[in-house]
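# Coordinates in review
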Amino acid sequence: MTTGNYQRRTKDQLAARVARDIFDGAVVNLGIGQPTLVANHLPAGREVILHSENGILGMGPAPAAGEEDFDLINAGKQPVTLLPGGAYFHHADSFAMMRGGHLDICVLGAFQVSATGDLANWSTGEPGAIPAVGGAMDLAIGARQTWVMMDLLTKKGQSKIVEKCSYPLTGIGCVKRVYADLATLECTPQGLRLIDAVEGLSREALEELVGLPVAA
Amino acid sequence: MIDKIARSVAEALADVPDGATVLIGGFGTAGIPGELIDGLIAQGAKDLTVVNNNAGNGDTGLAALLKAGRVRKIVCSFPRQADSHVFDALYRSGKLELELVPQGNLAERIRAAGAGIGAFFCPTGYGTELAGDRETRVIDGKPYVLEYPIHGDVALIKAERGDRWGNLTYRKAARNFGPVMAMAAKKTIATVHEIVELGAMDPENIVTPGIFVHRVVQIERVATQAGGFKEAA
């Protein structure tokens, strides 16, 4: 899709952009939905251990059709496999891995992220909506680095990076980076800092889209 | 002689009282003790508080227990799923109380009950609406919320192999909440697919020692299927 004279990253391009920053040897949790795409784009030769909140380290790709084992599923309840060296453990240990700072990176989706890294990704707070939180709050504050992967703008064109989240919070000051379809940004206590933007999108134009200062 | 083997699901569940807090293992469909849930429906205990990661899928298992009107309150992390229509309807009509707990807090609060911890300070959920009005404290510059244990009267869990002392092993990611729930209940009932002689399980590999288990029931192995799921964000 073309917007002005720049192009949005496709979902696969965005996943590849996130994957590029995952270092060799990292233990990573990929949230449900779009973040799971990142696994398909990890550069060859980089050894990364995937963690799944339901008690798996060393999670491998989906099994071949007919090979599914429904005792071996990911957090999204889809069948997965276990790599050699992988391990199973119970839920309290799995979340100790997050909270205890043992997990290097988690990648999550978001409704909103504030410039200083507050995250809102579990509830839109609509009256009558049934709330569900899962492991989002534990992951957000537990991993050493929490990265968000999302479109920069809502369908209505409003920035999902905001000065202050209007949706219910998942965690405070926990997001370190936002990988968006239009730019990669760092959230700091002082506000946003630009890491990169898609070709043709200047920092000034990005500031206009977000409505907040973006430091170089 | 110690013999925790129950001859049937009905025998194992015979003394679950009305008003009990029942911890039920499983995540998605892995590790759900379906036979014990069906047995609890048949047994008839009512006014239950159920603790599970989810709030039932489709119309069977936990969803059927809810539909039968036996549950007063559910404590879980992720009730809303693509096929959680039974829960959705009961919740919306005010017939079922929900305590929503972040998944790691759920696991740790259950573990704390089993370990005799009175309460603990946890960073998860600080500054969010799920922290409620519980006490907070800053320790070494980091904020925490006081979390209380979740004790069960009964735990229903699904394991793979067991013996008459109640030692258990699990299968793959079906382990999930089983080991912590086993610790946290006054009476833990586990289904297994295989009962073996004492000593046949490698003591280095026993995941839940029998001290945490009170009844072991053998069930047929049936293929499970992945549950419906709606993406969170």
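Keep in mind that this is a model prediction, so the values were computed, not measured.

So, on to the overall build of chain A. Looking only at helices and strands, chain A features four helices and 15 strands. For chain A, the C-alpha radius of gyration of 17 Å lies close to 17 Å, the compact-globule estimate for 216 residues. Counting only C-alpha atoms and orienting by the principal axes, one finds that chain A spans roughly 50 × 40 × 30 Å. Per-residue burial for chain A yields a buried fraction of 47% across its 216 residues.

A few words now on the overall build of chain B. The number of helices and strands found in chain B is six helices and 13 strands. Its C-alpha radius of gyration of 18 Å places chain B within 12% of the 17 Å reference for a compact globule of 233 residues. With respect to the three principal axes, the spread of C-alpha positions in chain B is 50 × 45 × 30 Å. Here chain B, with 233 residues, has 52% of them falling under the buried criterion.

With that settled, the discussion passes to the interface of chain B and chain A. Between chain B and chain A, the residue contacts involve 43 residues of the former and 41 residues of the latter. The element that contributes the greatest number of residues to the side of chain B that touches chain A is helix H5 (residues 103-115) of chain B, accounting for five residues. By residue class, the composition of the side of chain B that touches chain A is 20 nonpolar, 14 polar and nine charged.

Take the sheet that holds strand E15 (residues 214-215) of chain A next. With mixed pairing, the ten strands of this open sheet are ordered in space as E6-E5-E4-E3-E7-E10-E12-E13-E14-E15 (chain A). The two strands at the open ends of the sheet, each matched to only one other strand, are strand E6 (81-88) and E15 of chain A.

At a minimum axis distance of 9 Å, the contact between helix H2 (residues 91-99) of chain A and H5 of chain B shows a crossing angle of 125 degrees. In this view, H2 of chain A runs oblique relative to H5 of chain B, as classed from their interaxial angle. When you trace H2 of chain A past H5 of chain B, the crossing you get is left-handed. Side by side, H2 of chain A and H5 of chain B meet where His91, Ala92, Phe95, Met98 and Arg99 of chain A of the first sit next to Gln103, Gly104, Ala107, Glu108 and Arg111 of chain B of the second. Counted by class, the contact of H2 of chain A with H5 of chain B contains four nonpolar, three polar and three charged residues.

This brings us to the environment of leucine 108 of chain A. All names here are of chain A. Structurally, leucine 108 can be placed in strand E7 (residues 105-108). Along the chain, leucine 108 and valine 175 lie 67 residues apart, while their C-alpha atoms are 9.5 Å from each other. Excluding its chain neighbours within four sequence positions, the residues that come into contact with leucine 108 are Gly31, Pro35, Asn121, Ala136, Leu139, Ala140, Thr146 and Val148.

Residue and element names in this part refer to chain B. Averaged over all residues, the pLDDT of chain B equals 94, while 96% of them reach at least 70. Note on residues 227-233: pLDDT under 50 across the span, and 29 contacts to partners over four residues away in sequence or across chains. Confidence metrics for the complex model read pTM 0.95 and ipTM 0.94.

One non-glycine residue, lysine 77 of chain A, lies in positive phi territory at about 70 degrees. Among the secondary structure elements, lysine 77 of chain A is positioned in the loop between strand E5 (56-60) and E6. Given 22 C-beta atoms within a 10 Å radius, lysine 77 of chain A is considered buried. Although it is not a glycine, aspartate 140 of chain B sits at a positive phi angle of roughly 50 degrees.

For the rest of this paragraph, the subject is the sheet that holds strand E5 (residues 120-122) of chain B. Residues and elements named next belong to chain B. With respect to topology, three strands assemble into an open sheet ordered E5-E7-E6, the strand pairing being antiparallel. Both edges of this open sheet fall to E5 and strand E6 (136-139), since each of them pairs with a single strand only. Strand-to-strand twist of the sheet, defined as the mean angle between neighbouring strand axes without regard to direction, takes the value 45 degrees. In this structure, E5 lies alongside strand E7 (residues 142-147), joined through three bridges in antiparallel fashion. Across the sheet, residue phenylalanine 120 finds its bridge partner in E7, namely glutamate 147.

Among the residues of helix H2 (residues 34-43) of chain B, those classed as buried are Glu35, Leu36, Ile37, Gly39 and Leu40 of chain B. Glycine 44 of chain B sits one or two positions beyond H2 of chain B and adopts a positive phi of about 100 degrees.

The subject of this paragraph is the environment of threonine 146 of chain A. Residues and elements named next belong to chain A. The topology assignment puts threonine 146 in strand E10 (residues 145-150). Taking the C-beta count within 10 Å as the criterion, threonine 146 has 28 such neighbours and is therefore assigned buried. Once residues within four sequence positions are removed from consideration, threonine 146 is found in contact with Cys106, Leu108, Ala140, Cys174, Val175 and Lys176.

Now for helix H4 (residues 203-210) of chain A. Note that an α-helix has 3.6 residues per turn; residues three or four places apart therefore point the same way. Residues and elements named next belong to chain A. Buried within H4 we find Leu206, Leu209 and Val210. Projection of H4 onto a plane perpendicular to its axis shows the buried side chains occupying an angular sector of 90 degrees, all on one side. Seen from the open side of H4, the exposed residues pointing more than 90 degrees away from its buried face are Glu204 and Glu208. On the buried face of H4, the contacting elements are strand E11 (161-162), strand E13 (183-188), strand E14 (191-197) and E15. Just downstream of H4 lies glycine 211, where phi reads positive at about 80 degrees.

So, on to the pairing of strand E3 (residues 71-76) of chain B. Residues and elements named next belong to chain B. Relative to E3, strand E2 (residues 48-51) is paired through four bridges, and the arrangement is parallel. For leucine 48, the partnering residue across the bridge sits in E3 and is valine 71. Between the parallel elements E2 and E3, the chain passes through helix H3 (residues 62-67) in a crossover that is right-handed. What joins E3 to strand E4 (residues 97-100) is helix H4 (residues 85-92), and the crossover it makes is right-handed.

Residues and elements named next belong to chain A. Locating glycine 86 in the fold gives a position in strand E6. Look at glycine 86 and you get partly exposed, because 16 C-beta atoms sit within 10 Å. Not counting residues within four places of it along the chain, the set of residues in contact with glycine 86 comprises Ile56, Leu57, Gly58 and Met59.

About the cut-offs
Residues numbered from 1 in each chain as written. Chains lettered and ligands numbered in written order. Predicted model: local features only at pLDDT ≥ 70, side-chain atom pairs only at ≥ 80, totals over all residues. Helix = DSSP H or I, 4+ residues; strand = E, 2+ residues; numbered from the N terminus. Rg over C-alpha atoms; globule rule 2.2 N^0.38 Å. Buried ≥ 20, exposed ≤ 12 C-beta atoms within 10 Å, placed from the backbone. Contact = placed C-beta atoms within 7 Å. Nonpolar A, V, L, I, M, F, W, Y, C, P; charged D, E, K, R; others polar. Pairing = 2+ DSSP bridges. Axes fitted to C-alpha atoms, helices over the stretch in contact; angles between N-to-C directions. Parallel < 35°, antiparallel > 145°, perpendicular 65-115°, else oblique. Left-handed = near helix turned anticlockwise from the far one by under 90°. pLDDT = per-residue confidence, 0-100. Arc of directions from axis to C-beta. Right-handed = clockwise from strand over helix to strand, strands pointing away.

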